Amino acid sequence: MTVTEQESTSAAPGEALVVLDNVNKWFGDLHVLQDIDVTINRGEVVVVIGPSGSGKSTLCRAINRLETIDKGSISLDGTPLPEEGKELAKLRAEVGMVFQSFNLFAHKTILENVTLGPMKVRKKDKAAAEKRAKELLDRVGIGHQAAKYPAQLSGGQQQRVAIARALAMDPKVMLFDEPTSALDPEMIKEVLDVMVDLAEQGMTMVVVTHEMGFARTAAHRVLFMADGAIVEENTPEEFFTNPQSDRAKDFLGKILKH
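Each chain has its residues counted from 1, running along the sequence as written. Residues qualify for local features only when their pLDDT is at least 70, as the model is predicted, and side-chain atom pairs are given and counted only at 80 or more; totals for whole chains, interfaces and linings, by contrast, use all residues. Hydrogens and waters are ignored; side-chain quantities use all the structure's heavy atoms.

Chemist: I keep staring at the sheet that holds strand β4 (residues 71-76) and nothing clicks. Help me out?
Modeler: The pairing of strands in a sheet comes from backbone hydrogen bonds and takes either a parallel or an antiparallel form. With antiparallel pairing, four strands are arranged side by side in an open sheet as β2-β1-β4-β5. Of all the strands in the sheet, just β2 (30-41) and β5 (79-80) have a single pairing partner and so form its edges. Of the pairings in the sheet, the one linking strand β1 (residues 16-27) to β4 comprises five bridges and is antiparallel in character. Directly across from leucine 20, in β4, lies its bridge partner isoleucine 74. The pairing criterion for strands is at least two bridges between them, as found by DSSP. Helix and strand assignments follow DSSP, with helices taken as H or I runs no shorter than four residues and strands as E runs no shorter than two, numbered in order from the N terminus.

Rendered as structure tokens:
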């Protein structure tokens, strides 16, 4: 991506889509999310980075209530996250999630994995769901693998199926929680390429990752977390060339040397 392209995509995001207001979470005595205030705009790519145990994954999982919060509020497209029940299931359908582990159904084909959600939750008929699934599998580069089972695919291919499966629900926002951390190095690029493509097409994304190259090229904004708090947030250019906090300088010093 050239600098001019980066500048043009940076100007793209629209109105607020995900709003976290004074969000706090404890695990026992451990304060894992501390007074988190973040607004993610429609079409924006926000990358969350920081040392292990800083609260990044908990933050990501709180956005679709996989983790409950103890204080504060989270809203999606103007609607507060429901506590539980049918309303929560409906809201979760608007939030795609891709995990470290691919979480595919081993006994179902790739095509069946991608059509299951739209048919069960969105009540799409089988023909429409399969047509859309095939389009999405082509988009992530594995349309020719549709009849195979997850175990017949590489880790990178399985993760691309997981992305297609999340996209099949037509979510308003996609959450990625360390999507490449379980992959061999040569498979990481193929997954990141799909994510960059999504970003360029205007998908709203929250990405927890250690992949600094992705953060530099695809993010509109970088959130740096440490000890459960957002210590710094800035454009990738500013964050990587001119970090403001000692924590961020220390973190970048350690990871960028290798």
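Chemist: Looking at this structure, how should I read the sheet that holds strand β9 (residues 221-226)?
Modeler: Strands sit in the order β6-β7-β8-β3-β9-β10 across an open sheet of six strands; the sheet is mixed. Looking along the sheet, the strands with just one partner apiece sit at the ends: β6 (95-98) and β10 (229-234). When the angles between neighbouring strand axes are averaged without regard to direction, this sheet yields 20°. Only heavy atoms matter for contacts: two residues are in contact if any of them lie within 4.5 Å across the pair. Axis definition: a line fitted to C-alpha atoms, over the contacting stretch in the case of helices. Angles run 0 to 180 degrees between N-to-C directions. Along the sheet, helix α6 (residues 155-167) makes contact with β6 and β7 (173-177), crossing β6 at roughly 170°.

Chemist: Looking at this structure, how should I read the packing of aromatic side chains?
Modeler: What describes a pair of aromatic rings is the distance from one ring centre to the other and the angle between the planes of the rings. We call Phe, Tyr and Trp rings a pair once their centres come within 6.5 Å, taking the six-membered ring for Trp, and we label the pair stacked below 30 degrees between planes, edge-to-face above 60, and tilted otherwise. If you walk through the whole model with that rule in mind, you get three aromatic pairs. Members of the aromatic cluster, each reached through a chain of ring pairs, are Phe224, Phe239, Phe240 and Phe251.

Chemist: Explain the packing of helix α5 (residues 126-139) against α6 to me, please; I cannot follow it from the model alone.
Modeler: For any two helices packed against each other, the geometry is given by the interaxial angle and the distance between the axes. At a minimum axis separation of 9 Å, α5 and α6 run at an interaxial angle of 135°. Overall, the two elements α5 and α6 adopt an arrangement that is oblique. For the pair α5 and α6, the sense of crossing is right-handed. Touching Arg132, Leu136 and Leu137 of α5 are Val161, Ala164 and Leu167, all from α6. Note on residue classes: Ala, Val, Leu, Ile, Met, Phe, Trp, Tyr, Cys and Pro are nonpolar, Asp, Glu, Lys and Arg are charged, and everything else, Gly too, is polar. When its residues are assigned to classes, the contact of α5 with α6 shows five nonpolar, no polar and one charged. An angle below 35 degrees is read as roughly parallel, one above 145 as roughly antiparallel, one from 65 to 115 as roughly perpendicular, and any other as oblique. The hand of a helix crossing depends on one turn: near helix anticlockwise from the far one by less than a right angle means left-handed, and clockwise means right-handed.

Chemist: I'm lost on the packing of helix α4 (residues 110-120) against α5 in this one. Help?
Modeler: Relative to each other, α4 and α5 sit at 125°, their axes nearing to 9 Å. Viewed along their axes, α4 and α5 adopt a mutual orientation that is oblique. Classified by chirality, the crossing of α5 by α4 is right-handed. Note on element contacts: α5 touches α4 through Lys126, Ala129, Glu130, Ala133, Lys134 and Leu137, opposite Ile110, Leu111, Val114, Thr115, Pro118 and Met119. Class assignment of the residues belonging to the contact of α4 with α5 gives a composition of eight nonpolar, one polar and three charged.

Chemist: Can you walk me through the side chain of arginine 160 in this structure?
Modeler: For arginine 160, the location among the structural elements is in helix α6. With residues up to four places along the chain from it excluded, the contact list for arginine 160 reads Val140, Gly141, Ile142, Glu190, Val191 and Val194.

Chemist: How should helix α7 (residues 185-200) be read in this particular structure?
Modeler: Owing to its 3.6 residues per turn, the α-helix brings residues three or four apart onto one side. A helix is expected to span 1.5 Å for every residue after the first. For α7, with 16 residues, the first-to-last C-alpha span of 23 Å sits near the 22 Å given by 1.5 Å per residue. Categorising residues by exposure relies on relative accessible area from a 1.4 Å probe, with only protein chains included: less than 20% of the type maximum marks a residue as buried, more than 50% marks it as exposed, and the intermediate range marks it as partly exposed. Along α7, the positions that sit buried rather than exposed are Met187, Ile188, Val191, Leu192, Val194, Met195, Val196, Leu198 and Ala199. Elements that come into contact with the buried residues of α7 comprise β3 (45-49), α5, α6, β7, β8 (205-208) and α8 (212-218). Backbone geometry just downstream of α7 places glycine 202 in the positive-phi region, at approximately 90°.

Chemist: Explain the nonpolar core to me, please; I cannot follow it from the model alone.
Modeler: Across soluble globular proteins, nonpolar side chains show a tendency to be buried alongside one another. Residues enter a nonpolar core if they are buried and are Ala, Val, Leu, Ile, Met, Phe, Trp, Tyr or Cys, with the set joined through side-chain atoms within 4.5 Å. Among the nonpolar cores identified, the biggest contains 51 residues, and Ile163, Met174 and Met205 are the most heavily contacted of them. Broken down by element, this core gets its largest block of residues, nine residues, from α7. Once you skip the residues sitting within four places of it in the chain, isoleucine 163 turns out to touch Val98, Val140, Met174, Phe176, Val191, Val194, Met195 and Leu198.

Chemist: Even after reading the chapter, I still don't get unusual backbone geometry, so can you show me in this structure?
Modeler: Trans is the prevailing form of peptide bonds, just as negative phi is the prevailing case for residues other than glycine. For arginine 65, which is not a glycine, the phi torsion comes out positive at approximately 65°. Within the secondary structure layout, arginine 65 lies in the loop between α2 (56-62) and β4. In this model, asparagine 103 sits at a positive phi of 55°, which is unusual for a non-glycine residue. By the element assignment, asparagine 103 lies in the loop between β6 and α4.

Everything listed here is a matter of geometry and, on its own, says nothing about what the molecule does.
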